[in-house]
Amino acid sequence: MVAQVLEYLYEQFRAEGKAWSAYGTADVESVYNQLRSTRVTDKYYNKGQELAVKGHSIPATVPQRQRILEIVRHLLRYEVTYRGKELASLGLDFADCWDRSLVISTLTARIKKFNLQGVIRPILGTDELHGLNDSCHTFYRLWAAGANLAQHRKYRTLDRARNTLLQDHQVDIYRRAKTGCPVPLKGILDPARAYFAAPKPLIRSGAIFTNRL
């Protein structure tokens, strides 16, 4: 499931023309935004897959190692790196500028900025699309016939039609026709569902120590 979510994340960002890149072997293991930026870099990655790689694995002597591995196998981790220029422009370039609430609000605002989508239907029959204006109907028929509309995403009329179809019919004409997204990204990656600290059972057992802000 984690690998699927990463794949659909990358597909959405690519369709929207955003500067995201993906890495992995058999599956997508990490998705980056502005990887080489001197200001801000975002990263979504498969935490369980990372810990399975030699050099990143948890030492065998760590308490409850197997329990930790079981938990992280289901985790998709999000990180954002603010570098010196960006921190200075925000007035947050010293550690004592930050507290727990600011960290959480900053991460939450950043995630929401990506406008993650819900379940995207691959295609609908023409007779199921009611009340479309001429523009939306034309672009939908072109897309259904195989046109690659994503390459023209900067055309404002097309972009408005795409947003209407996406909002009203959950069809994204910037993605490949006859493919969809069965994973509700907006719900799964809602910040309200995120861990902003280690799982409590691991903290209580002494397997993980935290230094809370």
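Up top you'll find the structure we're talking about.
So, here is what we can say about the structure in this document. (Residues numbered from 1 in each chain as written. Predicted model: local features only at pLDDT ≥ 70, side-chain atom pairs only at ≥ 80, totals over all residues. Heavy atoms only, no water.)

## Examining the overall build of the protein chain
Helices and strands together make up the secondary structure of the protein chain, namely nine helices and four strands. Going from the N terminus to the C terminus, the protein chain shows its helices and strands as α-β-β-β-α-α-β-α-α-α-α-α-α. Once the C-alpha set of the protein chain is aligned to its principal axes, its extents read approximately 65 × 40 × 30 Å. Within the protein chain, buried positions represent 36% of all 213 residues. Residue pairs at least 24 apart in sequence account for 67% of intrachain contacts in the protein chain once pairs closer than 6 positions are excluded. With the model as given, the accessible surface of the protein chain reaches about 13,000 Å², and the carbon-plus-sulfur share is 52%. For the protein chain, the centre of its 32 positive side-chain charges and the centre of its 20 negative side-chain charges are spaced 3 Å apart. (Helix = DSSP H or I, 4+ residues; strand = E, 2+ residues; numbered from the N terminus. Buried < 20%, exposed > 50% of the residue type's maximum accessible area, 1.4 Å probe, protein only. Contact = heavy atoms within 4.5 Å. Areas by Shrake-Rupley, 256 points an atom, 1.4 Å probe, with all protein chains shown as cover. Lys, Arg positive; Asp, Glu negative; His and termini not counted. Charge placed at Lys NZ, Arg CZ, Asp CG, Glu CD.)

## Quick notes on the sheet that holds strand β3 (residues 40–46)
Spatially, four strands are ordered β1-β2-β3-β4 in an open sheet, and the strand pairing comes out antiparallel. One side of each edge strand has no neighbouring strand; the edge strands of this open sheet are β1 (20–24) and β4 (76–82). The average angle at which neighbouring strand axes cross in this sheet is 15°, direction not considered. With four bridges connecting them, strand β2 (residues 28–33) and β3 associate as antiparallel partners. When the sheet's bridge partners are listed, serine 30 is paired in β3 with tyrosine 45. Of the strands in this sheet, β2, β3 and β4 touch helix α5 (residues 100–113), which is tilted by about 105° from β4. (Pairing = 2+ DSSP bridges. Axes fitted to C-alpha atoms, helices over the stretch in contact; angles between N-to-C directions.)

## As for the nonpolar core
Within the largest apolar cluster, 26 residues are counted, with the highest numbers of intra-cluster contacts made by Leu9, Tyr44, Leu116 and Leu185. Where this core is concerned, the elements lending two or more residues are α1 (2–15), β2, β3, β4 and α5. No other element matches α1, which puts six residues into this core. Counting 16 residues, the second-largest nonpolar core is a separate cluster that includes Ala15, Leu129, Cys136 and Ala150. (Core = buried A, V, L, I, M, F, W, Y, C linked by side-chain atoms within 4.5 Å.)

## Considering the packing of aromatic side chains
Taken as a whole and judged by the stated rule, the model has ten aromatic pairs. Centroid distance tryptophan 20 to phenylalanine 114: 5.2 Å. Interplanar angle 85°. Geometry classified as edge-to-face. In this pair, tryptophan 20 is assigned in strand β1 and phenylalanine 114 in the loop between α5 and α6 (134–144), connecting sequence segments 94 residues apart. One aromatic cluster is present, formed by Phe13, Trp20, Tyr44, Tyr78 and Phe114 through successive ring pairs. The aromatic ring of tyrosine 45 is capped on one face by lysine 43, whose charged end is 4.0 Å from the ring centroid. (Phe/Tyr/Trp six-rings, centres within 6.5 Å; stacked < 30°, edge-to-face > 60°. Lys NZ or Arg CZ within 6 Å of the ring centre and 35° of its normal.)

## Considering the packing of α6 against helix α7 (residues 156–169)
The interhelical angle for the contact between α6 and α7, taken along N-to-C directions, is 85°, at an axis separation of 9 Å. Of the possible angle classes, the one that applies to α6 and α7 is roughly perpendicular. In this structure, α6 contributes Ser135, Cys136, Phe139 and Tyr140 to the contact, and α7 contributes Thr157, Leu158, Ala161, Thr164 and Leu165. Looking at side-chain class alone, the contact of α6 with α7 contains six nonpolar, three polar and no charged residues. (Parallel < 35°, antiparallel > 145°, perpendicular 65-115°, else oblique. Nonpolar A, V, L, I, M, F, W, Y, C, P; charged D, E, K, R; others polar.)

## Topic: the environment of alanine 147
Tracing the chain through its elements places alanine 147 in the loop between α6 and α7. Among the residues examined, alanine 147 registers a relative accessible area of 30% and is labelled partly exposed. For the pair formed by alanine 147 and isoleucine 173, sequence separation is 26 residues and the distance between their alpha carbons is 9.2 Å.

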